[in-house]
Amino acid sequence: MVLNRDQERWAAALWVEKNHGDAGPADIAKQVERLALEGDEAGVETWKAIADRFDQLARKSTAN
């Protein structure tokens, strides 16, 4: 099975939710900071997209 980029980002957001729970935003922030320090702009953008999806998951969870 091959995932497209959007599916990969959703999968990563779900992985963060499952493995880090409420600490997910802090973990994502660490990834963004690490990649920014390394000068990896594409990595930063990827993790920002994952953060957006993580936030969507959180909003959906609280709405139900």
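Preceding this section is the structure that the text describes.
Reading guide: rules and limits
Residues numbered from 1 in each chain as written. Predicted model: local features only at pLDDT ≥ 70, side-chain atom pairs only at ≥ 80, totals over all residues. Heavy atoms only, no water. Salt bridge = Lys/Arg side-chain N within 4 Å of Asp/Glu carboxyl O. Helix = DSSP H or I, 4+ residues; strand = E, 2+ residues; numbered from the N terminus. Buried < 20%, exposed > 50% of the residue type's maximum accessible area, 1.4 Å probe, protein only. Core = buried A, V, L, I, M, F, W, Y, C linked by side-chain atoms within 4.5 Å. Contact = heavy atoms within 4.5 Å. Lys, Arg positive; Asp, Glu negative; His and termini not counted. Expected span 1.5 Å × (residues − 1). Arc of directions from axis to C-beta.

A.B. asks: Sorry if this is basic, but what is going on with the pattern of salt bridges here?
C.D. replies: Note on pairing: side chains with opposite charge can pair once their charged atoms come close. Counted according to the given criterion, the structure contains 2 salt bridges. One salt bridge in this structure joins R53 and D6, with 2.6 Å as the shortest N-O distance. Of this pair, R53 sits in helix α3 (residues 41–63) while D6 sits in helix α1 (residues 5–20), and the two are 47 residues apart along the sequence. A salt bridge links E38 to R34, with the shortest nitrogen-to-oxygen separation between them at 3.3 Å. Highlighted residues: E38 and R34, both in helix α2 (residues 24–38), separated by 4 residues, approximately one helical turn. Classification of E38 as exposed rests on a relative accessible area of 53%.

A.B. asks: Even after reading the chapter, I still don't get the nonpolar core, so can you show me in this structure?
C.D. replies: In summary, soluble globular proteins display a tendency toward joint burial of nonpolar side chains. Counting 11 residues, the largest nonpolar core consists of A12, A13, V16, I28, V32, L35, V44, W47, I50, F54 and L57. Put simply, the parts of the chain that give this core at least two residues each are α1, α2 and α3. In terms of residue count, α3 provides more of this core than any other element does, 5 residues in total. Leave out the neighbours within four places in its chain, and I28 touches V16, W47, I50, A51 and F54.

A.B. asks: Before we go on, may I ask you to explain the environment of G43 in this structure?
C.D. replies: Of note, G43 is situated in helix α3. The spatial distance from the C-alpha of G43 to the C-alpha of V32 is 7.5 Å, given a sequence separation of 11 residues.

A.B. asks: Can you help me understand the side chain of D27 in this one?
C.D. replies: In this structure, D27 sits in helix α2. One buried charged residue, D27, forms no salt bridge at all, with the nearest opposite charge on K30 at 5.2 Å. Once residues within four sequence positions are removed from consideration, D27 is found in contact with V16 and H20.

A.B. asks: I would appreciate a short explanation of α2 in the present structure.
C.D. replies: Every α-helix carries 3.6 residues per turn, so stepping three or four residues along brings you back to the same face. With 15 residues, α2 extends 21 Å between its outermost C-alpha atoms, agreeing within 8% with the 21 Å of an ideal straight helix rising 1.5 Å per residue. Residues of α2 that are buried: G24, D27, I28, Q31, V32 and L35. Each buried residue of α2 lies within a common arc of 140° when the element is viewed along its axis, so the set occupies one face. Opposite the packed face of α2, turned more than 90 degrees from it, sit the exposed residues K30, E33 and L37.

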